Structures are given as C-alpha cells and as structure tokens.
Amino acid sequence: MGRQKGADEVFCTSCGAAIKKEAEICPECGVRNENATRPTQSTPTETTVSDSWWYGVGGCLGLWVLVLLLPSDISPAVDALFGLLTVTAWIGLPLSAYFDSKYVGANSDWLPNAALWVIGLLVPLVNVVFGAVYLYRRHEVLGEP
C-alpha cells in the first residue's frame, strides 16, 4: 500500500508519489508539479519594517527640491529655517530609503542594495535624481506610491 500524504503534501500528477506542496519538481520522477504553492508578489512577506517609509523618501525629496529652488538670502530667520530643512532632508532621505528598501526587498522581486541607495542619497544634488529613480523603481515593482 502507498504512503499517505501529509497535510502539507500533494500527490504527484505523474507518478503519484506524496510530495511537498511547495516542491516545483517531484523528487521521485522529476516532473514539474503544476500545483506547487509559491509565494506571490501580492502576498506580502512578514517583515517588521513599515510600508510607509516611502512617505519619508517623498517628503524629504520634496524638501530638497524646496531648499534648492527657493532663495535663502532673504533674512537670517529664513536662513536658519533653510538650514534646518536642509539637515532634516539630508538625514531623513537616506534613512527613509534604507528602511523602505528593507520593506521593498521583503515584498517584491527587487532587492535594492541599501548601501548604494544610502550613499547616493547622501550626496547633495545627486540625491534628488537618486530619490526620484528610487521612487520610480519602487512603483514599478510594488505598484505604489
């Protein structure tokens, strides 16, 4: 008499052997298991990182554009405000991208190199382009923002 299948097993459609549901290929006969259960992109992987870090990337990117486009020589108070905005954007953009890259890597096929993105986002002027490219690429793989 044949072996009974367990709760996490199915029968191979070719040879009838009990195999794991996740198995793509039957270890007995080598035929592809068409019913293999695979994680899909729509099923998020459990991660402790929030999916909201892209707001930080977008917000800090907006701060950089604001700081770069508006004149800062109006008054000392405005200079102080622009300095605060610049420091916030300079620290917040790579930090947000780092945590968001962990979420993206856990929930899509794209595994962004966090170190590369952080370094690119630390360099003024270059960071605006890197930030836009990051958000575009994120949108391609996750469909959001």
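Up top is the structure.
Residues numbered from 1 in each chain as written. Predicted model: local features only at pLDDT ≥ 70, side-chain atom pairs only at ≥ 80, totals over all residues. Heavy atoms only, no water.

Topic: the environment of A132
In step 1: Within the element layout of this structure, A132 appears in helix α4 (residues 126-142).
In step 2: Linking A132 and L61, residues 71 residues apart in sequence, is a C-alpha distance of 7.8 Å. (Helix = DSSP H or I, 4+ residues; strand = E, 2+ residues; numbered from the N terminus.)

Quick word on a nonpolar patch on the surface
In step 1: Among the surface-exposed residues, V87, W90, I91, L95, L122, V123 and V126 lie close enough to one another that they form a single nonpolar patch of about 560 Å² accessible area.
In step 2: Here the nonpolar patch takes 4 residues from helix α2 (residues 76-107), the largest share from any one element.
In step 3: By the secondary structure assignment, L95 is in helix α2. (Patch = residues over 30% accessible without salt bridge, like charges linked within 9 Å, V, L, I, M, F, W, Y side chains within 5 Å. Areas by Shrake-Rupley, 256 points an atom, 1.4 Å probe, with all protein chains shown as cover. Salt bridge = Lys/Arg side-chain N within 4 Å of Asp/Glu carboxyl O.)

Examining the packing of aromatic side chains
Given two aromatic rings, their pairing is described by the distance between the two centres and the angle made by the two planes.
In step 1: Enumeration over the complete set of coordinates arrives at 7 aromatic pairs.
In step 2: A centroid spacing of 5.6 Å and a plane angle of 75° characterise the contact between W117 and F130, whose relative ring orientation is edge-to-face. Of this pair, W117 sits in helix α3 (residues 114-122) while F130 is found in helix α4, placing the two residues 13 residues apart along the sequence.
In step 3: F130 gets classed as partly exposed once you look at its relative accessible area, which sits at 25%.
In step 4: On the basis of an interplanar angle of 70° and a centroid distance of 5.2 Å, the ring pair of W117 and Y134 is categorised as edge-to-face. A residue pair is termed long-range when its members are at least 10 positions apart, and W117 in helix α3 and Y134 in helix α4 qualify at 17 residues. Here the two residues W117 and Y134 agree in accessibility, since each one is buried.
In step 5: Through a chain of ring-to-ring contacts, the aromatic side chains of W110, W117, F130 and Y134 assemble into a single cluster. (Phe/Tyr/Trp six-rings, centres within 6.5 Å; stacked < 30°, edge-to-face > 60°. Buried < 20%, exposed > 50% of the residue type's maximum accessible area, 1.4 Å probe, protein only.)

Digging into the side chain of D100
In step 1: Its place among the elements puts D100 in helix α2.
In step 2: A polar contact is formed between the side chain of D100 and the side chain of Y134, at a distance of 2.6 Å.
In step 3: Once residues within four sequence positions are removed from consideration, D100 is found in contact with W53, W54, Y134 and R138. (Polar contact = N/O pair within 3.5 Å; in protein donor to acceptor, adjacent residues only side chain to side chain. Contact = heavy atoms within 4.5 Å.)

Details of unusual backbone geometry
In step 1: Positive phi, close to 75°, is recorded for L125, a residue that is not glycine.
In step 2: Mapped onto the fold, L125 is located in the loop between α3 and α4.
In step 3: We classify L125 as exposed; its relative accessible area is 57%.

Topic: the environment of L66
In step 1: Relative to the helices and strands, L66 resides in helix α1 (residues 53-69).
In step 2: L66 gets classed as partly exposed once you look at its relative accessible area, which sits at 35%.
In step 3: Once the C-alpha coordinates of L66 and L85 are considered, the two residues, 19 residues apart in sequence, prove to be 8.9 Å apart.

Thoughts on the pattern of salt bridges
In step 1: For the structure on display, the rule yields 4 salt bridges.
In step 2: Close ionic contact of D8 with K20 constitutes a salt bridge, the shortest N to O distance being 2.9 Å. Here D8 is found in the segment before β1 (9-11), whereas its partner K20 is found in strand β2 (residues 18-20), with 12 residues between them in sequence.
In step 3: Between E140 and R137 there is a salt bridge, and its shortest N-O distance comes to 3.5 Å. With a gap of 3 residues between them, E140 and R137 both fall in helix α4, about one helical turn apart.

Focus: α2
In step 1: Helix length check: α2 (32 residues) gives 46 Å between terminal C-alpha atoms against 46 Å at 1.5 Å per residue, within 8%.
In step 2: G92 marks the point of greatest bend in α2, at about 25°, and the proline P94 comes within the next four residues. (Expected span 1.5 Å × (residues − 1). Bend = angle between axes of the 7 residues up to and from the residue.)

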